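Residues per chain, in single letters:
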Amino acid sequence: MTSDLHAHRPLSGLLVVALEQAVAAPYCSSRLADAGARVIKIERAEGDFARGYDTSVNGLASYFVWLNRGKESLVADIKNDADAALLHRLLGKADVFIQNLAPGAAARAGFGSDELRRRYNRLITVDITGYGSGHAYEEMKAYDLLVQAESGLAEITGHPAGPGRVGVSVCDIACGMAAHAAVLEALVARSVTGEGAKLEVSLFDGMADWMNVPLLYFEGTGVAPKRVGLAHPSICPYGAFATKDEKLVLISIQNEREWANFCKTVLRAPDLPAQSGFESNTARVANRAVVDARVASVFAEMTRERAASLLTEAGTAYGFVNGLDDLAHHPALRRVSISTSRGDASIIAPPAIRNGQAPRLGAVPDIGEHNAAIRREFAE
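This section reports on the structure supplied with the text. (Residues numbered from 1 in each chain as written. Predicted model: local features only at pLDDT ≥ 70, side-chain atom pairs only at ≥ 80, totals over all residues. Heavy atoms only, no water.)

### What to know about unusual backbone geometry
For the peptide bond that leads from C236 to P237, omega is -5 degrees, which places it in the cis range. Tracing the backbone shows P237 in the loop between α9 (212-221) and β7 (238-242). In this model, R268 sits at a positive phi of 60 degrees, which is unusual for a non-glycine residue. Here R268 shows up in the loop between α10 (256-265) and α11 (281-286). Residue classification places R268 among the exposed residues on the basis of a relative accessible area of 52%. With a phi angle near 55 degrees, N355 is a residue other than glycine that sits in the positive phi range. Within the element layout of this structure, N355 appears in the loop between β11 (345-348) and α15 (371-377). The exposure class assigned to N355 is exposed, which follows from its relative accessible area of 72%. (Helix = DSSP H or I, 4+ residues; strand = E, 2+ residues; numbered from the N terminus. Buried < 20%, exposed > 50% of the residue type's maximum accessible area, 1.4 Å probe, protein only.)

In structure tokens:
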């Protein structure tokens, strides 16, 4: 059952079965749906618990609306013999099976990846977990903030006063992105070998990969990157400064040429780079308090508009520390409309632009919206 929405897209004709909830697995399957795959989402009678996170989008949850467009919803109980048999009929025709149940739950119900790979040679199975397998953390419950803490991310994030949480579910998203890439690689490999694959992706591994630079730096120097808020631990000036109208402008000086231009045009002090404590990045980092105070005193006399004008003239990289209202009206923000049973929702568009065209995204399903059609299509 291929809709017009899915036709003539890169993954058109592929069937994905997703026994999923929350964020990481739905992120992966939503991207497959965007690319034209048919995604059948298996839900409990009460639905994916992410449906209940909030009611901010026309009465629906923001996470659910974002990550479940373009899918079909089938309510099924994998512990029920008839529903388990239905799921196996689906898998017999599927290309990809994604699950992020509690560790071991899928296998106990007869849907472990090893067993499925034996039964369905071309099937690509994706097990999404918190910490992976084969170690003491295998059975640990894992949610995004817990993994931010365990992976060391929280320790290097935030203000010097203490660790901080990244304000979005970055571990879930990193895992979902990695799973999506792995599925695409497995599909390419299958087109050559005819064989499916067993894929395992964890929230911890997804974030640990992103933590390579701070870990390598620490292991090489014995010093962990410091929490410096909206500043850079090894470049100066690189941070946020308040303007006269109480806006925060974040500037980034990357080399001595940029520093000289900044001093001349913004600070109106062309001789400053020759003064002790200002002559090199190393000197400025050691003299950070004085350098930052000098820069801050100049921005404190400027409006946002004046700061932007001078920074542009100087060729200095800069950005403003925006709030969500600023994001909603940002000139670079791209949005796309998707349908829900409560009316259309305007979400931020996926990052990739294909052939210069805005994406067409499928509707967000109600719980069990496609029960009858799917059960009829995959009847014995």
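### Focus on the sheet that holds strand β4 (residues 96-99)
The pairing of strands in a sheet happens through backbone hydrogen bonds and is either parallel or antiparallel. Read across the open sheet, the six strands follow the order β3-β2-β1-β4-β5-β6; overall the sheet is parallel. The two strands at the open ends of the sheet, each matched to only one other strand, are β3 (71-75) and β6 (197-202). In this sheet, adjacent strand axes meet at a mean angle of 20 degrees when their direction is disregarded. As judged from the six bridges shared by strand β5 (residues 124-129) and β6, these two strands associate in the parallel manner. Note on β6: the bridge partner recorded for D127 is E200. Here helix α1 (residues 24-34) sits on the sheet and contacts β1 (15-19), β2 (38-43), β3, β4 and β5; the angle it forms with β4, its principal contact strand, is near 155 degrees. Where helix α8 (residues 203-210) meets the sheet, its contacts fall on β5 and β6, and the angle it forms with β6 comes to roughly 70 degrees. (Pairing = 2+ DSSP bridges. Axes fitted to C-alpha atoms, helices over the stretch in contact; angles between N-to-C directions. Contact = heavy atoms within 4.5 Å.)

Keep in mind these numbers describe shape, not what the thing actually does.
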